[in-house]
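Chain residues, written in single-letter form:
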Amino acid sequence: MEHYERIEKIGEGASGVVYKARDRRTGATVAIKRLRGGGGDDEQLSEDLVREARCLEACRGHPCLVELRAAHRDAGAGAGAFLVMDYVGPSLAQVMRERGAGRPVPEAEARRLMRQLLDGAAAMHEHGVLHRDLKPDNVLVDGHGNLKICDFGMSRFAAATASTGHAPYTSPVVTLWYRAPELLLGSREYDAGVDTWALGCIMAELLSGAPLLPGRSEMDQLNRAFDTVGADDMADWPRFARLPRAGSPLCRKSRPPSRLREMFPALSTAGLDVLSGLLSCRPDRRLTAADALRRPWFTDAESSADQPRNACGARFSERVGGVAADAIVV
Ligand SMILES: Nc1ncnc2c1ncn2[C@@H]1O[C@H](COP(=O)(O)OP(=O)(O)OP(=O)(O)O)[C@@H](O)[C@H]1O
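Here's a quick rundown of the structure. Values in this document were obtained by computation on a predicted structure and should not be read as measured data.

Before going further, it helps to spend a moment on the packing of aromatic side chains. One pass over the structure, following the stated rule, counts one aromatic pair. In this structure, R6 packs its charged tip against the face of Y19, placed 3.9 Å from the ring centre. Over the aromatic face of Y87 sits the side chain of K20, whose NZ or CZ is 4.6 Å from the ring centroid.

Structure (structure tokens):
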């Protein structure tokens, strides 16, 4: 890590501390994430590093996903595990906080941002990567106002088994407010739909300026989700009966149909079509990221307003140029 000069700490979360740094060899500004490792367990630390780095590596080169430059594992006492990434800018959560709580993003801007998030998600999913922690804190905003998905600390490659079509995955995953109904019901056989539900929550948050479903507990979260998007069809989902919490009284309570139209009265029909599609309770009816991008909201839009920005003068943050990436060393 001697190639990097630390500038300042820019973030800290469950999996590590993130620093802004300068690559002494190139002058480029980078973000270095030092992984914490589970309870000082060295093997776990290596596993965490390899998993996050492999998922990032599989997604390299996409403009809407944070770019990995290198991964380092130091040996010996006090050894650390580090991911070196392009420095992007503040998180979407930070930017929205600075705009002021409850201040909605205009629909055309929300569409531009959602196009980028869905494009990044579609690429991840095409590479077999499930992010499993999409939320505004894990989306970065560059100096042109373009978005990049970051923090692959919870991500993993989707694995299929011949018998079920799904491997049993870890649960719980995804931060509570962005967690899909099937996860709240205890599913361990989920798929990329957990990411697209989270993107639906982010879309709603952009359009209203506030989190859509700020639950206080798993059951409160599920209740809010059912009350907001309706739950009528969930029990008909073929996998429903196998869900560990299928017997919960919350699943038997009768619910009004989706309230999304009422909550977003100014949203165009095409916008509501995408929002409702991403927030379908039944995972098999939920839009995939790639399908969402084919809906009229995106295809009929005046595309000039939606193009990634590459000129200066955008509203968010500073911009740092990138240079060619290092080799990955894990
Ligand atoms: N490439 C980057 N460029 C700029 N800032 C970054 C970058 N990567 C991470 N950050 C900042 O550091 C914060 C924490 O990073 P990250 O989410 O990867 O860590 P974490 O420990 O997994 O966090 P959490 O537990 O909150 O999910 C981000 O929210 C962001 O503000």
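What follows is about the nonpolar core. If you look at the biggest cluster of nonpolar residues, it comprises 90 residues, and the most contacted ones within it are M114, L118, F152 and L206. Top element by residues in this core is helix α5 (residues 193-208). It accounts for 10 residues. In contact with F152, other than residues within four places in its own chain, are E52, C55, L56, C59, L65, M124, V129 and H131.

Scanning the model with the defined rule gives 22 salt bridges in all. With a closest N to O distance of 3.0 Å, E52 and K33 form a salt bridge. Of the two residues, E52 sits in helix α1 (residues 42-58) while K33 sits in strand β3 (residues 29-35), which places them 19 residues apart along the sequence. This pair shows no difference in class: E52 is buried, exactly as K33 is. Here E218 and R179 are joined by a salt bridge, their closest N and O atoms 2.6 Å apart. Residue E218 is found in helix α6 (residues 218-229), and its partner R179 is found in the loop between β9 (156-157) and α4 (181-184); the two are separated by 39 residues along the sequence. By sharing partners, the salt bridges in this structure join K9, E12 and R36 into a single network.

Every one of the 20 residues lining the ligand counts as a neighbour, but A14, S15, K33, D86 and D151 are closest to it. One of the backbone N or O atoms of G13 is found 3.4 Å from an oxygen atom in the ligand. Interatomic distance of 3.2 Å between a side-chain N/O atom of N138 and an oxygen atom of the ligand. Listing elements by their share of the shell around the ligand, those giving two or more residues are β1 (4-12), β2 (16-23), β3 and β5 (81-86). Looking at the shell around the ligand, you find at least three residues from each of domain 1 (4-86) and domain 2 (92-306).

So, how was this worked out
- Residues numbered from 1 in each chain as written.
- Predicted model: local features only at pLDDT ≥ 70, side-chain atom pairs only at ≥ 80, totals over all residues.
- Heavy atoms only, no water.
- Phe/Tyr/Trp six-rings, centres within 6.5 Å; stacked < 30°, edge-to-face > 60°.
- Lys NZ or Arg CZ within 6 Å of the ring centre and 35° of its normal.
- Core = buried A, V, L, I, M, F, W, Y, C linked by side-chain atoms within 4.5 Å.
- Buried < 20%, exposed > 50% of the residue type's maximum accessible area, 1.4 Å probe, protein only.
- Helix = DSSP H or I, 4+ residues; strand = E, 2+ residues; numbered from the N terminus.
- Contact = heavy atoms within 4.5 Å.
- Salt bridge = Lys/Arg side-chain N within 4 Å of Asp/Glu carboxyl O.
- Near = heavy atom within 4 Å.
- Polar contact = N/O pair within 3.5 Å; in protein donor to acceptor, adjacent residues only side chain to side chain.
- Domains from an automatic or database assignment.

Functional significance is not addressed by these values, which are geometric in nature.
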